[in-house]
Amino acid sequence: MDNILGQGKWALATAILFLASLAVNEWVFTNLEFVRGINWIYLPAGIRLVSTLILGLPAAMGLLIGSWIACFFYYFPDDLVRSVAGGMMAAAAPYLAYRWARAALRLQPDLSNLTTWRLIVCAFAYALANTTIHHAWFFFQGERAALAGGFVAMFTGDITGSLFVLYTLKAVASMFRRLPAGARANAIKESPAK
């Protein structure tokens, strides 16, 4: 029971973080929207990738919940099928990239062997999986008018968003490591995560 509650906690945290990144993306990069839901810089892509790499299945469940909330109440409130499918695709792509990375790149569960090169490969694998899954859906739904342009925009947005989030986290972690040990302990002790 504790394990289920723990996973549920991480799923909920992932959903909230994803929705927050979506709000920030809508606010900061409004002018970079290709079409509704496809941006040239898409920060939620980075949250999807990082959370799934760290948490695995609980993150995918949180992304499913967060994506359904975004689809049902923001992107496609009048299209039940598209909302259900959109949430499932948004959760499946990072989870598939995570499973692929665990097998092909031999990523350790604690990510101890996640190098910069492997991180970039993960970002590309995620962007390719996400864009391909979504555009296959668009194709089979008959939405073929801007398929090629949409593919390029979504792939670019997923890559730029993922790399922006990944390198921001890397910079924060690097600054945190440079703090003296006492300051790091105080920062951890004073953090709201307590």
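Residues numbered from 1 in each chain as written. Predicted model: local features only at pLDDT ≥ 70, side-chain atom pairs only at ≥ 80, totals over all residues. Heavy atoms only, no water.

> Where do I start with helix α4 (residues 80-104) in this structure?
Helical geometry: 3.6 residues make up each α-helical turn, so side chains three or four residues apart lie on a common side. Its 25 residues place the ends of α4 36 Å apart at the C-alpha level, agreeing with the 36 Å of an ideal helix rising 1.5 Å per residue. S83, A85, G86, G87, M89, A90, A91, A93, P94, A97, Y98 and A101 are the residues of α4 that are buried. Residue R106 follows α4 closely and has a positive phi angle near 55°. (Helix = DSSP H or I, 4+ residues; strand = E, 2+ residues; numbered from the N terminus. Expected span 1.5 Å × (residues − 1). Buried < 20%, exposed > 50% of the residue type's maximum accessible area, 1.4 Å probe, protein only.)

> For this particular structure, what's the right way to read the environment of F124?
Mapped onto the fold, F124 is located in helix α5 (residues 116-140). Accessibility expressed as a relative area gives 39% for F124, which makes it partly exposed. A sequence separation of 29 residues divides F124 from A153, and the C-alpha atoms of the two residues are 14 Å apart. Discounting chain neighbours no more than four positions away, the residues touching F124 are F155 and I159. (Contact = heavy atoms within 4.5 Å.)

> So what exactly am I meant to see when it comes to the pattern of salt bridges here?
It is possible for side chains of opposite charge to pair when their charged atoms get near one another. In total, this model carries one salt bridge according to the counting rule given. Between E143 and R82 there is a salt bridge; the shortest N-O distance is 3.4 Å. Within this pair, whereas E143 is found in the loop between α5 and α6 (147-178), its partner R82 is found in helix α4, the two being separated by 61 residues in sequence. (Salt bridge = Lys/Arg side-chain N within 4 Å of Asp/Glu carboxyl O.)

> Please clarify how unusual backbone geometry should be interpreted in this entry.
Note: most residues except glycine have negative phi, and most peptide bonds are trans. Of note in the backbone geometry, R106 takes a positive phi value of approximately 55° without being a glycine. As for its position among the elements, R106 is in the loop between α4 and α5. With a relative accessible area of 63%, R106 lands in the exposed category.

> What's the story with the nonpolar core in this structure? I'm lost.
Within soluble globular proteins, side chains that are nonpolar generally end up buried alongside one another. Counting residues in hydrophobic clusters, the biggest one holds 32 residues, and the most contacted among them are L49, L53, L107 and C122. Secondary structure elements with two or more residues in this core: α1 (2-28), α2 (43-55), α3 (57-75), α4, α5 and α6. When residues no more than four places from it in sequence are discounted, the contact partners of L53 are Y98, L107, L111, L114, L119 and C122. Formed by five residues, the second largest nonpolar core is a distinct cluster that contains F138, L147, A153 and M154. (Core = buried A, V, L, I, M, F, W, Y, C linked by side-chain atoms within 4.5 Å.)

> Explanation requested: the side chain of T52 in the structure shown.
Within the secondary structure, T52 sits in helix α2. When its relative accessible area of 1% is taken as the criterion, T52 is described as buried. Residues in contact with T52, not counting those within four places in the same chain, are A59, L63, P94, Y95 and Y98.

> Would you mind going over the environment of L22 with me for this structure?
Structurally, the position occupied by L22 is in helix α1. L22 gets classed as buried once you look at its relative accessible area, which sits at 6%. In this structure, the C-alpha to C-alpha distance between L22 and G66, residues 44 residues apart in sequence, is 9.7 Å. Beyond its immediate stretch of four places on either side in the chain, L22 contacts Y42, P44, A70 and Y75.

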